[in-house]
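Residue-level structural notes
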Amino acid sequence: MYKRLIDRFIIAIALLVQILCVANAQPETSKRPKALNEAETAIQLLSGTGSDHTVPWDFYCTAGKNSGKWTTIAVPSNWELQGFGGYNYGLDKDSLRINEKGIYRHNFQVPADWKGKVVHIVFDGVMTDAAVKVNGKVAGPVHQGAFYTFRYDISKLLRYGKQNQLEVTVSKNSANASVNSAERKGDFWIFGGIFRPVYLEAMPPAFINRVSVDAKGDGHLNALLHINLPAKIEGADNSRYQVRAQLTDSKGTKIGPLITGKLSQMDNRPQAVIQADAASQGQLTFELQGQYNKEQVKPWTPETPHMYKMRFQLWENGKLIHALEKKIGFRTVEVRPRDGIYVNGVKIKFKGVNHHSFWPSTGRTTSKRLSIQDVLMLKDMNMNAVRMSHYPPDEHFLDACDSLGLFVLDELTGWHHHYDTQVGSKLVAEMIIRDENHPSIVMWDNGNEGGFNFDLDSLFDIYDLQKRPLIHPWAIFGHMDTQHYINYDYGMVRISTAMKLPSLQSFYMDSMMADLVQVWAIIGAKCGKIHFLPVAFCGSLPMRLLFARTKTVSWTLTVITGQTASSAPIMKKKVVIMRLKTSGHRYLLNIERLHRLLMVNLGLKTVITSPI
């Protein structure tokens, strides 16, 4: 009795802690901390931070509900959830789609002392094509692709210390057919609008443009810093620039010595991008290396998600001119062919689900609080992994996975069709540059179920300093078998006797309500090469397979379909009687194969089937 009381008390305390964690995740009041000194990037929000913090902008919808008039709309948001335009599902026929546009206008001021700085306007996500103007002038090329952070240098378009006007024309349907095929013709809701935050960032003329960190589980750290210079000057003396970095714990306590970077020829960009950038912008690359022992840093895992901070500084002639901070974790990911996936030298079984950035009342616009809530829910179900389906998530979701502990498969959109190479190349860069330093991300997905552009595969390896594994979900690629919708005998037939590859299954028994633990125990009982548990995806058919041990025999099998349930007693040892009502369902049509599977994996001598 006392043991039960203690167990209940522990459970109650754990639930209370999680509730408090979610409750204390207050709405963000800024995209990230304001600059603490002149050397740090200054941030000015133009929108809210999420569904629980929005800012009204002027808005005009071209078609559908509440169209044809200027009014206001909350930003960020999907305009359908705000009463504009029309709803569409990704599988709707083109004839059912309104394909409306939304025109946004917003007035803002920037500090007068920003003049002389480099000022970017940043959009964390716009569905789907975004044409941006500042004070009536075009900020840059139309951006295509909904789920990716993009930015424009608007330094020369601003009126410093005065009022400025931002105008964004958002096309729900992209002018690029491949973008529509990849993003808007899938089995999920499709929306329109500026659905993630918009903000300004101001940096000095010479600034740290990108930081790539590869922190291994053994404490070795390698980093590349990309520096943008005020102008491209041939023969310029670049020795006046230096970079330094300091590792600290979450409380700011310094760990190890100050690291000094060295000018490097290394570059984690494609050669074509390097040449294009160099034509208009002076750039430098610095490499930094450090080594920390086991007493100084601990490896990141879902069970022990140790996070650290790395502060990077750019100096010019002995003066600090720019600084920024990145959160990092130390961990190593490797695929061992015909063996499995190892994290920090330990073979891993992924147990998780697919995750959409979605909330019923706000669509794709979410919040930090909701991300924490979702990650805690997955942790409560004893899961250690989550796949982004089918696009990069909000960054606060990745932050939650980093700090609370979940493996992440980050995905380039491509439902059943892929982006063309020109657009896809830009979107791969935007995804990796934003997400590359999150330790929770252990794999990249190039599309989904045939939505693979093979021309983009090499870009993942080029941009990602950590060289994470790349998969093609639903295909055999990169020494991994990622088959979807597997049959009950998949493990016995394909893995143990044929492919002998590490297997990362997803959408297990789609359209069925399956008890994963018991069903997988039967499928994999004799399959020594199954290294990864399936990713659960529950559909709508009320079918469930349940297995229960008894004292007299190995197993009793019960099959429930619809509202009919029947279980048969065991007649004698090593004999199972199954009463099946198949109703023509494809998973149970081949009773002979099911017999063979049960007999082989459970060591049964006889399997008897009788109709209901």
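Given the structure is predicted, the values throughout are model-derived calculations rather than measurements.

1. Focus: the overall build of the chain
Broken down by element type, the chain carries 10 helices and 38 strands. Out of the 612 residues belonging to the chain, those deemed buried represent 53%. The contacts in the chain between residues at least 6 apart in sequence include a share of 68% that link residues at least 24 apart. Surface exposure of the chain reaches about 27,500 Å², of which carbon and sulfur atoms provide 55%.

2. Considering the sheet that holds strand 26 (residues 346–347)
For sheets, the rule is that strands pair by backbone hydrogen bonds, running either parallel or antiparallel. The antiparallel open sheet is built from 3 strands, whose spatial order is 24-25-26. Because the sheet does not close on itself, it has two edges, and the strands there are strand 24 (333–336) and strand 26. Two elements, strand 25 (residues 340–343) and strand 26, share 2 bridges in a ladder whose sense is antiparallel. Each bridged residue has a counterpart across the sheet, and for Y342 the counterpart in strand 26 is K347.

3. Thoughts on the environment of F207
Along the chain, F207 falls in strand 16 (residues 207–215). In this structure F207 comes out as buried when scored by relative accessible area, which is 4%. Residues F207 and A323, 116 residues apart in the sequence, show an inter-C-alpha distance of 8.2 Å. Setting aside anything within four residues of it in sequence, one finds F207 in contact with V118, H120, H226, I227, N228, L314 and H322.

4. Observations regarding the pairing of strand 25
Both strand 24 and strand 25 contribute to a ladder of 4 bridges, which runs antiparallel. The partner of E334 across the bridge, within strand 25, is Y342. Hairpin geometry of strand 24 and strand 25 is characterised by an intervening segment of 3 residues between the two adjacent antiparallel strands and by a positive phi of about 60° at R338.

5. Topic: the packing of helix 4 (residues 368–380) against helix 5 (residues 395–404)
Orientation of helix 4 relative to helix 5, taken along the N-to-C sense of each, is 40°, at an axis distance of 8 Å. In this view, helix 4 runs oblique relative to helix 5, as classed from their interaxial angle. Between helix 4 and helix 5 the crossing geometry is right-handed. Here helix 4 contributes K368, S371, I372, D374, V375, L376 and K379 to the contact with helix 5, which in turn contributes H396, F397, A400, C401 and L404.

6. Examining the nonpolar core
Grouped together as the largest cluster of nonpolar side chains are 38 residues, with contacts concentrated most on V386, L412, Y419, V428 and F460. Of all the elements in the fold, those that place two or more residues in this core are helix 2 (177–183), helix 4, strand 28 (385–388), helix 5, strand 29 (407–412), helix 6 (421–435), strand 30 (441–446) and helix 7 (457–463). Not counting residues up to four positions away in its chain, the partners in contact with L412 are Y148, H390, Y419, L427, V428, M431, D445, N446, G447, L456 and F460. Residues W114, V132, L166 and L200 belong to the second largest nonpolar core, which totals 34 residues.

7. Topic: the side chain of R468
Relative to the helices and strands, R468 resides in the loop between helix 7 and strand 31 (470–471). For R468, the side chain forms a polar contact with the main-chain oxygen of H438, separated by 3.2 Å. Only 2.9 Å separates the side chain of R468 from the side chain of D464, close enough to count as a polar contact. Residue contacts for R468: discarding those within four places in its chain leaves R331, D435, E436, N437, H438, I441, V442, M443 and W444.

8. As for the side chain of E430
On the secondary structure map, E430 appears in helix 6. It is K426 that comes nearest to the buried, bridge-free E430 among opposite-charge side chains, at 7.8 Å. Sequence-distant contacts of E430, that is, excluding residues within four places in its chain, are made with H143, Y148, T149 and F150.

9. Some details on helix 4
Taking 1.5 Å of rise per residue, 13 residues should cover 18 Å, and helix 4 covers 18 Å from first to last C-alpha, within 8% of that figure. Directly after helix 4, the chain includes N382, whose backbone phi takes a positive value near 60°.

10. Quick word on a positive patch on the surface
A surface patch of positive charge is lined by K115, K137, R159 and K162. Assignment of secondary structure puts K115 in the loop between strand 5 (101–109) and strand 6 (118–123).

11. As for the packing of aromatic side chains
Overall, the coordinates contain 22 aromatic pairs when judged by the stated rule. The lysine or arginine in question, R244, covers the ring of W315, its NZ or CZ lying 4.2 Å from the ring centre. Above the ring of Y342, the side-chain terminus of R336 is found at 3.6 Å from the ring centroid.

12. Looking at the environment of L91
Tracing the sequence through the fold places L91 in the loop between strand 4 (88–89) and strand 5. Relative accessible area serves as the criterion here: at 54%, L91 is assigned to the exposed category.

Rules behind the numbers
- Residues numbered from 1 in each chain as written.
- Predicted model: local features only at pLDDT ≥ 70, side-chain atom pairs only at ≥ 80, totals over all residues.
- Heavy atoms only, no water.
- Helix = DSSP H or I, 4+ residues; strand = E, 2+ residues; numbered from the N terminus.
- Buried < 20%, exposed > 50% of the residue type's maximum accessible area, 1.4 Å probe, protein only.
- Contact = heavy atoms within 4.5 Å.
- Areas by Shrake-Rupley, 256 points an atom, 1.4 Å probe, with all protein chains shown as cover.
- Pairing = 2+ DSSP bridges.
- Axes fitted to C-alpha atoms, helices over the stretch in contact; angles between N-to-C directions.
- Parallel < 35°, antiparallel > 145°, perpendicular 65-115°, else oblique.
- Left-handed = near helix turned anticlockwise from the far one by under 90°.
- Core = buried A, V, L, I, M, F, W, Y, C linked by side-chain atoms within 4.5 Å.
- Polar contact = N/O pair within 3.5 Å; in protein donor to acceptor, adjacent residues only side chain to side chain.
- Lys, Arg positive; Asp, Glu negative; His and termini not counted.
- Salt bridge = Lys/Arg side-chain N within 4 Å of Asp/Glu carboxyl O.
- Expected span 1.5 Å × (residues − 1).
- Patch = residues over 30% accessible without salt bridge, like charges linked within 9 Å, V, L, I, M, F, W, Y side chains within 5 Å.
- Charge placed at Lys NZ, Arg CZ, Asp CG, Glu CD.
- Phe/Tyr/Trp six-rings, centres within 6.5 Å; stacked < 30°, edge-to-face > 60°.
- Lys NZ or Arg CZ within 6 Å of the ring centre and 35° of its normal.

Note that every value here comes from positions in space, so none of it alone points to a role or purpose.
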